[in-house]
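Chain and residue survey
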Amino acid sequence: MNALETAASASRPSLPNLFTGFLKIGLMGFGGVGPVARHIIVAERNWLDDRAYAELMGVCQALPGANTVNAAVMLGDRFRGAAGALTCVFALMAMPLLSLVAIANLYEAVSDHPLAQVALTGAAASAAGLILGTAARLLAKAGLARWAWVMAAAAFLAVGVLRLPMLPSLLVLVPVGLVAASLGARRV
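Residues numbered from 1 in each chain as written. Predicted model: local features only at pLDDT ≥ 70, side-chain atom pairs only at ≥ 80, totals over all residues. Heavy atoms only, no water.

Regarding the nonpolar core
Definition in use: In plain words, nonpolar cores are sets of buried Ala, Val, Leu, Ile, Met, Phe, Trp, Tyr and Cys residues tied together by side-chain atoms within 4.5 Å. Each residue's exposure class comes from its accessible area (1.4 Å probe, protein chains only) as a fraction of the maximum for that residue type: buried when under 20%, exposed when over 50%, partly exposed otherwise. The helix and strand labels rest on DSSP assignments: H or I over at least four residues marks a helix, E over at least two residues marks a strand, and numbering proceeds from the N terminus.
Ranked by internal contacts, the top residues of the largest apolar core, which has 24 residues, are Phe22, Ile25, Ile41, Leu48, Tyr53 and Leu75. Every element with two or more residues in this core is listed here: helix 2 (15-28), helix 3 (34-44), helix 4 (50-62) and helix 5 (67-110). Looking at this core, the element that brings in the most residues is helix 5, giving seven residues.

Listed below in structure tokens is the structure:
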């Protein structure tokens, strides 16, 4: 049993609890919901621990679509089946959709003003900081094996530094990582 299954079997939130949790994630997640989702799912609601959350996000990043939407589907399904998955996705998407429509109308009215451009630059910088902070917290608590650190560094080098396309990089790194994991498991 992996960390996600262990954490999911330990606590089983109700549909209203899932709804309010993912509604809060959707309401607070402007500029990216990753840091907010981790805080609510791990620190505030105690649905998962950091290791289980890292495993969940690893799976969600490999799936097509937005990571947090994938997480909403997977957690909702694990805790409450199809009704839980639908509840989580609806709650996650409801307020951002309504907010986006309102903000788009407002932005159209002020988009030519220089202060609007400065505000967008500041928002982008703060979002980047939130993402880096969340990644650092997850890496510190993930308890990764040496081979996993090597794979993470290789992925960062390939995509972040060398600017290689992500899909071909993953097509090379995933099989290499699987071989490294199986060799690491045999040594233990």
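Examining the environment of Trp47
Convention followed: Distance and chemistry together define a polar contact, namely a pair of N or O atoms within 3.5 Å, with one atom able to donate a hydrogen and the other to accept it when in protein, and with adjacent residues in sequence counting only for side-chain atoms on both sides.
Relative to the helices and strands, Trp47 resides in the loop between helix 3 and helix 4. We classify Trp47 as buried; its relative accessible area is 3%. One polar contact links Trp47 to Asn17, side chain to side chain, over a distance of 3.5 Å.

Concerning helix 6 (residues 114-142)
Going by this rule: In this analysis, the expected span of each helix is defined as 1.5 Å times one less than the number of residues it contains. The contact criterion used is simple: two residues touch if any of their non-hydrogen atoms lie within 4.5 Å.
Over its 29 residues, helix 6 runs 43 Å from end to end, which matches the ideal 42 Å to within 8%, given 1.5 Å per residue. On its buried side, helix 6 packs onto helix 3, helix 4 and helix 5. Residue Gly143 follows helix 6 closely and has a positive phi angle near 65°.

Observations regarding the packing of aromatic side chains
The test is simple: Here a Phe, Tyr or Trp ring, Trp counted by its six-membered ring, pairs with any other such ring whose centre lies within 6.5 Å, and the pair is stacked when the planes are under 30 degrees apart, edge-to-face when over 60, and tilted otherwise.
Across all of its chains, the model carries three aromatic pairs by this definition. Aromatic pair Phe22 and Trp47: ring centres 5.9 Å apart, planes at 25°, arrangement stacked. Separated by 25 residues along the polypeptide, Phe22 in helix 2 and Trp47 in the loop between helix 3 and helix 4 bring together distant segments of the chain. Of the two residues, Phe22 and Trp47, neither departs from the other in class, the shared state being buried. Members of the aromatic cluster, joined through ring pairs, are Phe22, Trp47 and Phe79.

A few points about the pattern of salt bridges
Using the following cut-off: Salt bridge, as applied in this entry: a Lys or Arg side-chain nitrogen positioned within 4 Å of an Asp or Glu carboxyl oxygen.
Tallying each qualifying case throughout the model produces four salt bridges. Residues Lys24 and Glu44 are paired through a salt bridge, measuring 2.8 Å at the closest nitrogen-oxygen approach. Of this pair, Lys24 sits in helix 2 while Glu44 sits in helix 3, and the two are 20 residues apart along the sequence. Relative accessible area serves as the criterion here: at 31%, Glu44 is assigned to the partly exposed category. Three or more residues joined by partner-sharing salt bridges are found here, namely Lys24, Glu44 and Arg45.

From the geometry alone we can't say anything about function, so treat these as descriptive.
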